[in-house]
Amino acid sequence: MAKKQFMLLASLLLVLSVFLAACTGKDKEESGEKPAETGKETEKAEEKKEEEPAEDPSAGLDFPFEVTNKGEPVADGEMTIAMVTDTPFEGTLSRVFYSGTYDAEVISKFDENLFATDGDYLITNDGAATFEISDDNKTIDITIRDGVKWHDGEPVKASDLLYSYQLLGHPDYTGTRYTFMISNVEGMPAYHNGETTEISGIKISDDDKTISITYTEATPSLMSGIWGYATPRHHVGDIMTGEVTMEELVSSDKIRANPIGFGPYKVAKIVPGESVLYERNEDYWRGKPALKSLVLKTVSSASILEVLKKGEVDIASIPTDQYLNAKEIDNIELLADIDYAYTYIGFKLGKWDAEKKTNVTDPNAKMANKLVRQAMWYAMDNETIGKELYNGLRFPASTLIIPVFASFHDPSIETPSYDPEKAKALLDEAGYKDVDGDGFRENDKGEEFVLNFASMSGGEIALPIAQFYIQNWEDVGIKVQLLDGRLHEFNSFYDMVEADDPKIDIYQGAWGTGSDPDPSGLYGRDAAFNYTRYTSEKNDELLAAGTSEKAFDADYRKDIYKQWQELMADEVPVAPTVYRYYLHGVNKRVVNYSIAPGSENARVWKWGVSE
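Residues numbered from 1 in each chain as written. Predicted model: local features only at pLDDT ≥ 70, side-chain atom pairs only at ≥ 80, totals over all residues. Heavy atoms only, no water.

With that settled, consider the sheet that holds strand β5 (residues 139–144). One open sheet accounts for 4 strands, arranged β4-β5-β7-β6; its pairing is antiparallel. If you trace the sheet from one side to the other, it starts and ends with β4 (129–133) and β6 (202–204), each paired once. Taking the axes of each pair of neighbouring strands and ignoring which way they run, one obtains an average angle of 20° across the sheet. Here β4 pairs with β5 via 5 bridges, running antiparallel. Across the sheet, residue Phe131 finds its bridge partner in β5, namely Ile142. (Pairing = 2+ DSSP bridges. Helix = DSSP H or I, 4+ residues; strand = E, 2+ residues; numbered from the N terminus. Axes fitted to C-alpha atoms, helices over the stretch in contact; angles between N-to-C directions.)

By the definition in use, this model includes 28 aromatic pairs. For the pair Phe395 and Tyr579, a centre-to-centre distance of 5.8 Å together with 65° between the ring planes defines the contact as edge-to-face. A residue pair is termed long-range when its members are at least 10 positions apart, and Phe395 in strand β15 (residues 394–396) and Tyr579 in strand β19 (residues 574–587) qualify at 184 residues. For Phe395, a relative accessible area of 8% gives the class buried. Here Phe493 and Tyr494 contribute two aromatic rings whose centre-to-centre distance is 4.9 Å and whose plane-to-plane angle is 85°, an arrangement assigned as edge-to-face. (Phe/Tyr/Trp six-rings, centres within 6.5 Å; stacked < 30°, edge-to-face > 60°. Buried < 20%, exposed > 50% of the residue type's maximum accessible area, 1.4 Å probe, protein only.)

Another aspect to go through is the pattern of salt bridges. For the structure on display, the rule yields 20 salt bridges. Here Glu282 makes a salt bridge to Arg280, at a shortest N to O gap of 3.9 Å. On the basis of relative accessible area, Arg280 is assigned to the buried category, the value being 8%. Between Arg525 and Asp540 there is a salt bridge; the shortest N-O distance is 2.7 Å. Here Arg525 is found in the loop between α17 (520–523) and α18 (537–546), whereas its partner Asp540 is found in helix α18, with 15 residues between them in sequence. Taking the relative accessible area as the measure of exposure, Asp540 reaches 25% and is therefore partly exposed. The network of salt bridges with shared partners includes Asp76, Arg280 and Glu282. (Salt bridge = Lys/Arg side-chain N within 4 Å of Asp/Glu carboxyl O.)

Below, the structure is given as structure tokens:
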């Protein structure tokens with residue numbers, strides 16, 4: 001590793017050092033990857049114990065991270081993995097274009113990042129590509145290893161990584177991943193605005209093995225947030241030459257029915273929305289994968305325990321509300337850790353301007369009064385939700401930077417917790433009072449105030465949770481009703497939220513945080529994922545500072561993110577409800593399987609079965 005690269009890594013280890021609140025009696029020297037949620041990876045670190053959250057929400061819980069079966073995998077084993085969902089997966093099987101966690105799960109078995117990551121989710125030189133960083137931390141040279149091939153036998157080229165950047169920054173791109181680490185590429189804004197057909201900050205070597213990317217600003221996100229997913233230009237078609245349009249590419253069978261990657265397994269057959277059959281990639285660059293075939297199939301949350309008990313699937317995420325029953329199944333073992341995710345209530349505050357590709361906050365939105373938003377947060381009894389409905393596997397959330405990012409999550413920040421009287425006082429202050437004596441408050445103009453609440457179906461407790469929150473809000477005089485009188489399935493729910501359906505006033509969603517603590521991809525002015533459409537100059541300023549060159553200073557970045565957490569707790573565009581554990585049930589015949597960050601056994605190609 002070059003000297004400057006080492007210096008950058010050392011700085012990042014200080015800036016990004018985060019650690020998981022211990023949920024076993026062991027220290028976490030073993031590390032690995034966990035499945036991405038909403039397409040975002042996870043991270044972990046093991047230093048700075050003095051910065052652990054003041055309250056340890058995992059006290060008393062003890063879960064292993066790796067299976068106990070140490071047998072050798074059989075030569076031609078077969079494995080079935082459950083995708084636990086009550087809705088079909090959408091089937092947009094491209095890193096550039098997908099939006100949902102279920103599509104991410106499908107993609108993760110046949111495609112992979114060019115970069116490997118360590119236990120802190122900083123990129124390393126152990127992946128399909130190696131890299132070197134310039135002395136000014138603004139340029140990264142990425143070289144693809146020999147023998148890295150797409151599933152059709154074509155070599156993975158530097159220009160395939162360039163193609164991802166060309167798609168992400170294209171003026172016609174309608175996806176959600178034109179984020180800071182894309183827009184920060186030198187020349188990308190001009191390309192994105194249609195002023196040029198070239199991205200000046202990206203250069204390809206003559207042999208198409210090395211790509212050089214130069215950024216406008218040096219940022220500590222370089223080693224934790226860089227885009228490393230290539231797109232097979234020769235397979236999907238080239239929008240740059242007019243071979244296909246962006247619209248044609250997104251709907252193409254090359255993405256939806258016959259996708260290719262360079263990961264350990266090839267897609268052999270897709271039953272749309274239901275299942276995927278994968279077969280071993282004999283030319284996988286790391287070596288021969290352990291399994292001959294792999295099946296990923298949808299299983300409803302109501303039947304997942306029975307399916308595990310019968311041995312029909314080998315690995316499954318288990319809804320936390322089913323934890324107590326899962327403990328009684330003899331042929332599986334449970335693995336769990338604190339998730340890199342949180343659930344939240346979002347308040348619709350504006351709309352997405354598709355032409356300008358930016359969020360526009362409406363000062364006259366129904367939820368524009370932040371005192372009302374604060375009151376609704378104070379009214380929610382999230383502790384009871386976690387204890388009674390999730391068996392203690394979810395716990396009250398405070399800020400929008402999760403405890404896993406221990407260097408940046410600040411438990412000392414005062415945020416709303418369950419206090420109905422405080423909620424009532426805030427509503428009184430806002431002028432929201434019960435004028436007609438029906439038990440519900442009118443707004444500050446004396447008009448009827450009724451909120452439409454959008455929430456997703458899924459699992460037996462989805463409806464009770466929504467009804468519980470509705471009752472919480474009713475207890476302080478706010479009338480809330482389920483949108484259309486029911487829960488909405490995953491895909492239609494997010495279609496409505498993304499489209500800023502005017503019927504939605506508030507909604508319940510969840511985010512996976514990703515490997516980079518930078519929250520601008522979810523809350524930035526130009527972030528398509530910023531579904532509340534909240535914007536402010538102070539938010540812009542703090543998010544920019546958190547990824548600036550100054551942010552290489554760990555104390556500076558920590559202070560910036562403390563200010564940002566305080567701002568969001570005061571403004572409340574979203575009210576975080578619970579942090580959570582993710583729980584996996586794994587058949588006892590499974591070997592080489594781990595959820596520990598950085599562990600070799602967290603990698604799909606290692607997974608096997610002993611019988």
